[in-house]
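Tertiary structure, described
Each chain, written out:
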Amino acid sequence: MEIKKSEILFKEGKKFIPGGVNSPVRAFKSVGGNPIFMERGEGSKLFDVDGNEYIDYIGSWGPHIFGHNPPFIKEAVAAALQNGSSFGAPTEMEVKMARLISSLVPSVEMVRMVNSGTEATMSAVRVARGFTGRDKIIKFEGCYHGHADFFLIKAGSGALTLGEPNSPGVTKGTASDTLIARYNDLENVRELVARNRNQIAALIIEPVVGNMGVVIPTEDFINGLRQLCTEEGIVFIFDEVMTGFRLAKGGAQEVFGIKPDMTTFGKIIGGGLPVGAFGGKREIMEKLAPLGPVYQAGTLSGNPLAMAAGYAALSHIKENPGIYQELEDKADALEAGFRENHAKLGKSYRINRIGSMISLFFTEQPVYDFDTAVKSDTTLFGKFFHGMLERGIYLPPAQFESWFLSTALTNTDIEKTIKAHFEVLYSH
Ligand code: KE4
């Protein structure tokens, strides 16, 4: 596989961009080798700068649920561009977008647009703190909510101690307000809450985790959290940046039948352009400036081009709810093919899947939280990743990520992926 131009660009890029990339996971650090520079996306395919073609299971890390460059999004952005790119003033499209989000996700009575998932989660926590007058938050080990300081925290020495920074630049003071709990362990959360009674403003969770690889909550766990937050006056925040409009038109909260107090969005909501959003109960959202005292702002928030792309994407979802069954069928066929290969090869690697989010873990034990996820053989994952890449299958370059399927995937794509999976595992 010729990757000359990618290598040249990477070498040049590293002179001016830290690590040669604008987001760390793209650098292939955890799988080895150099990143592939992409030039074009079309449907289920990506094409790199050296003319190689790939079946894409990243989909820009979630946004491209319809595959790359769908005509209805391209046309919507082109039409919006005729009127200009940004006004810094309210527009009709923002009103239509807010109404559409609320109609798809009924727990979201009010919503504020921002420019990334990080802005959405950061702002949601701030308004929850402003609403409750409390300082502490609970997050779960292995969940990722973007790079706001108070999320870059790892579990303290004991599971029930305060968090510690897991990145230089995050202060101990900031870390002291973040408590780290264990996913799928309701007892652990109850203990944390009891030790910090009336001090916890919010509990934020990935209702289905993508950032450990796919990890699915038990019904008791996720229902128990809802009950605990209600009893304790803790704002229950569903971080649906990944799962929103991915698992169902109403996201994970529709799948589980749970009503969080707040929800954060990203990825699909922007149709491939930079959009995030946070919303929820009116009484909480009304704390936000200019209505209330909690400050939050953004020059390009609700940007006309991004709203055009996002509105086109969400409208397509509203008009075509059958896409979720279509995605389920494709993902089920892929998973069945992998399981067949494992059986033929005498392997029992774990596959965690819900809807069009799937991860393969190179461990034979169940994966249901951070401790069990990190038992996976990441060296083998690196070899698997490159074996698949050489066969034209572009996977997330890290074990602890979800793959994302799109409606653009064909049966031929799926068959080719299953065949490549067998060949690569056969040789390792
Ligand atoms: P962004 O700021 O990257 O738009 O969103 C942050 C975020 C928030 N919440 C969840 C559940 C997320 O998965 C993310 C971002 N996801 C990663 C993929 N693991 C984005 C890829 C990257 O960092 O380049």
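Sequence order as written defines the numbering, with residues in each chain counted from 1. The model is predicted, so local features are restricted to residues of pLDDT at least 70 and side-chain atom pairs to those at 80 or more, both for listing and for counting; the totals for chains, interfaces and linings are taken over all residues. The basis for the side-chain values is all heavy atoms of the structure; hydrogens and waters are excluded.

**Here we look at unusual backbone geometry**
Residue Ala-289 is joined to Pro-290 through a cis peptide bond whose omega torsion reads 5 degrees. Only DSSP runs of H or I with at least four residues qualify as helices, and only runs of E with at least two residues qualify as strands; both kinds are numbered from the N terminus onward. With respect to the helices and strands, the residue Pro-290 is situated in the loop between α9 (282-285) and α10 (304-319). The backbone phi angle of Asn-69 is positive, close to 60 degrees, even though this residue is not glycine. Turning to its location among the elements, Asn-69 is positioned in the loop between β3 (53-56) and α2 (71-82). Residue classification places Asn-69 among the partly exposed positions, given a relative accessible area of 31%. If you check the backbone angles, Asn-184 has positive phi at about 65 degrees while not being a glycine. Along the chain, the position of Asn-184 falls in the loop between β8 (178-181) and α6 (186-195). Each residue is assigned to one of three classes by its accessible area relative to the maximum for its type, calculated with a 1.4 Å probe on protein chains only: buried under 20%, partly exposed between the two thresholds, exposed over 50%.

**Quick look at helix α14 (residues 411-426)**
Taking 1.5 Å per residue as the helical rise, α14 with its 16 residues ought to reach 22 Å, and the 22 Å between its terminal C-alpha atoms agrees with that figure. We call two residues contacting when some pair of their heavy atoms lies within 4.5 Å. The inward-facing, buried residues of α14 contact β2 (45-48), β3, α11 (323-345), β14 (357-361), α13 (378-390) and β15 (393-394). A helix is expected to span 1.5 Å multiplied by its residue count minus one.

**Points about the sheet that holds strand β1 (residues 38-42)**
In sheet architecture, strand pairing relies on hydrogen bonds along the backbone and comes in two forms, parallel and antiparallel. Taken in spatial order, the four strands of this open sheet run β1-β2-β3-β15, and their pairing is mixed. Each of the sheet's edge strands pairs with one partner strand only, and the pair in question is β1 and β15. Two strands are counted as paired when DSSP detects at least two bridges linking them. Pairing of β3 with β15, which is carried by two bridges, proceeds in the parallel orientation. Counterpart to Ile-55 in the pairing with β15 is Ile-393.

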